[in-house]
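Survey of secondary and tertiary structure
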Amino acid sequence: MIKSTLTEADYIASHRLFRKPTAKTRIYDLLFCAAISAAVSYYVFSQAQAGGKAVDLPLPLPLIVFVTCFIGAVLGSYILTRLIYIWYEQRLRKLFRTDKTLQAAVELSWNAERLQSTSEYGSLLLPWKDVAFVRENDGYILLYLTAEKYFPIIKANFVPEQLQDFKTHLQNCPKK
């Protein structure tokens, strides 16, 4: 059994892990940027040939326009996601400060069948078979109940033997 209290920094860090894009998501983002670049490049060159006159364009020019559009799309999407994440972190801070159940001390205990979390606001019994998948980094373990709902576990509250015991129960859960 361990005692844990979620701090604002832990709450935000666990959400960072939750929102961290997977390799599949990054590939989709790059393909989207390439599609946008190809569409803009096609539009630029179709306008260059407007009016029924065939215009001879040097070969590297279409490639230069495509690469420029692709770099612009990648940089634009990166800047946009950073701005959205700044707004998202502000919302998380506000949510953490207003929701007192997140700030309550929690006692965690586990056995071969389930994880039990108890606080002054109630208890949660989570059978290991109901964990959809697990994601972890150096500081946190996230037990996903669904694709959009997770239970954060702070690794710093464990002694190494407890952490190893806890991880043995997660071996059958799929990793994300």
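Details of the structure are given in the entry above.
Residues numbered from 1 in each chain as written. Predicted model: local features only at pLDDT ≥ 70, side-chain atom pairs only at ≥ 80, totals over all residues. Heavy atoms only, no water.

What about the environment of Leu145?
- In this structure, Leu145 sits in the loop between strand 6 (140-144) and strand 7 (150-154).
- With a relative accessible area of 26%, Leu145 lands in the partly exposed category.
- Taking the C-alpha atoms as reference, Leu145 lies 20 Å from Leu163; in sequence the two are 18 residues apart.
- Once residues within four sequence positions are removed from consideration, Leu145 is found in contact with Leu126, Asp130, Ala132 and Tyr150. (Helix = DSSP H or I, 4+ residues; strand = E, 2+ residues; numbered from the N terminus. Buried < 20%, exposed > 50% of the residue type's maximum accessible area, 1.4 Å probe, protein only. Contact = heavy atoms within 4.5 Å.)

A few points about the packing of aromatic side chains
- The final tally for this structure, using the stated rule, is 10 aromatic pairs.
- Aromatic pair Tyr11 and Phe96: ring centres 5.5 Å apart, planes at 35 degrees, arrangement tilted. Placement of Tyr11 in helix 1 (residues 8-19) and of Phe96 in helix 3 (residues 60-98) is noted, with a sequence separation of 85 residues between them.
- In this structure Tyr11 comes out as buried when scored by relative accessible area, which is 8%. (Phe/Tyr/Trp six-rings, centres within 6.5 Å; stacked < 30°, edge-to-face > 60°.)

Looking at the sheet that holds strand 1 (residues 2-5)
- Spatial ordering of the open sheet is given by 1-2-3-4, a layout of 4 strands whose pairing is antiparallel. Each having just a single partner strand, strand 1 and strand 4 (122-127) make up the two edges of the open sheet. Direction aside, neighbouring strands of the sheet carry axes that sit 20 degrees apart on average.
- In this sheet, strand 3 (residues 114-119) lies alongside strand 2 (residues 105-110) in antiparallel orientation, the contact comprising 4 bridges. Within strand 3, the position partnered with Ser109 by the bridge is Gln116. (Pairing = 2+ DSSP bridges. Axes fitted to C-alpha atoms, helices over the stretch in contact; angles between N-to-C directions.)

A closer look at the nonpolar core
- Of all hydrophobic cores here, the largest spans 18 residues; its most connected members are Leu115, Trp128, Ile141, Leu143, Ile153, Phe166 and Leu170.
- For this core, the secondary-structure elements that each account for two or more residues are strand 2, strand 6, strand 7 and helix 4 (160-169).
- Examining the composition of this core, we find that 3 residues originate from one element, strand 2, more than from any other.
- Not counting chain neighbours up to four residues away, the residues in contact with Phe166 comprise Trp110, Leu115, Trp128, Ile141, Leu143, Ile153 and Phe158.
- Counting residues in hydrophobic clusters, the runner-up holds 16 residues, among them Leu6, Phe96, Tyr144 and Tyr150. (Core = buried A, V, L, I, M, F, W, Y, C linked by side-chain atoms within 4.5 Å.)

With respect to the side chain of Asp10
- Tracing the backbone through its elements, the reader meets Asp10 in helix 1.
- Buried charge without a salt bridge: Asp10, with Arg16 as the nearest opposite-charge side chain at an N-O distance of 9.6 Å.
- Excluding its chain neighbours within four sequence positions, the residues that come into contact with Asp10 are Thr5, Tyr140 and Ile154. (Lys, Arg positive; Asp, Glu negative; His and termini not counted. Salt bridge = Lys/Arg side-chain N within 4 Å of Asp/Glu carboxyl O.)

Observations regarding the pairing of strand 2
- Alternating positions in strand 2 separate cleanly, Val106, Leu108 and Trp110 being buried on one face and Ala105, Glu107 and Ser109 remaining unburied on the opposite face.
- Here strand 1 runs beside strand 2; their pairing, made up of 4 bridges, is antiparallel. The residue of strand 2 that forms the bridge with Lys3 is Glu107.
- Counting the residues between successive antiparallel strands, the hairpin from strand 2 to strand 3 contains 3 residues.

Side note on a nonpolar patch on the surface
- On the surface, Leu63, Val67, Ile71, Leu75, Tyr78, Ile79, Leu83 and Ile86 cluster together into a nonpolar patch covering about 800 Å² of accessible area.
- With respect to the element layout, Leu75 can be found in helix 3. (Patch = residues over 30% accessible without salt bridge, like charges linked within 9 Å, V, L, I, M, F, W, Y side chains within 5 Å. Areas by Shrake-Rupley, 256 points an atom, 1.4 Å probe, with all protein chains shown as cover.)

Some thoughts on the layout of surface pockets
- Reported here for the largest pocket is a volume of approximately 950 Å³.
- Residue lining of the largest pocket: 26 residues in total, with Arg19, Pro21, Asp29, Thr81 and Arg82 positioned closest to the centre.
- Residue contributions to the lining of the largest pocket peak at 9 residues, all from helix 3.
- Tallied by class, residues from the lining of the largest pocket come to 13 nonpolar, 4 polar and 9 charged.
- Forming the walls of the second largest pocket are 27 residues, and the residues nearest its centre are Leu6, Leu102, Tyr150, Phe151 and Pro152. (1 Å grid on protein atoms, 1.4 Å probe; cavity = no way out; pocket = protein on both sides within 12 Å on 5 of 7 lines; lining within 4 Å. Points joined across faces, edges and corners; volume = space filled by probe spheres on them. Nonpolar A, V, L, I, M, F, W, Y, C, P; charged D, E, K, R; others polar.)

All we've got here are geometric facts, nothing functional implied.
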